[in-house]
Amino acid sequence: MAIDWQASWAALRELDGDAWDRESERLEELWKAEYHTAFIDHATSRRWSRDNAEVWASEIADEALNERGGDPVEAARADVLRCEREAT
């Protein structure tokens, strides 16, 4: 099931207090998990080692969420390409 991230983050604005804390944490965990999976899938499809892809995905997931948010799959694909550009 695909998550409508824009709608999910918008719905979060309606909450406050403990409910906001719980839902924010849940959404962040889901976003990072989807980002991590997509990053590894895209990186390994571009001939990265799985170990290298897992390390990078883990190290930059927080940054990706804070800077890009939105769709985690698109953010992961863009980050794989950015990492490749920066490595050359």
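Let me begin by describing the structure that accompanies this report. (Residues numbered from 1 in each chain as written. Predicted model: local features only at pLDDT ≥ 70, side-chain atom pairs only at ≥ 80, totals over all residues. Heavy atoms only, no water.)

With the rule as written, the count across this model stands at ten salt bridges. Of the charged contacts, one joins D79 and R68 as a salt bridge, the two residues approaching to 3.0 Å between their closest N and O atoms. Here D79 is found in helix α4 (residues 72-87), whereas its partner R68 is found in the loop between α3 (50-67) and α4, with eleven residues between them in sequence. Exposure remark for D79: the relative accessible area of 1% places this residue in the buried category. When the shortest N-O distance is used, the salt bridge between E86 and R82 registers 3.3 Å. Residue E86 and its partner R82 are both found in helix α4; the two are separated by four residues, about one turn of the helix. The exposed category is assigned to E86, whose relative accessible area is 56%. Salt bridges sharing partners connect three or more residues here, namely E63, E67, R68, D79, R82 and E86. (Salt bridge = Lys/Arg side-chain N within 4 Å of Asp/Glu carboxyl O. Helix = DSSP H or I, 4+ residues; strand = E, 2+ residues; numbered from the N terminus. Buried < 20%, exposed > 50% of the residue type's maximum accessible area, 1.4 Å probe, protein only.)

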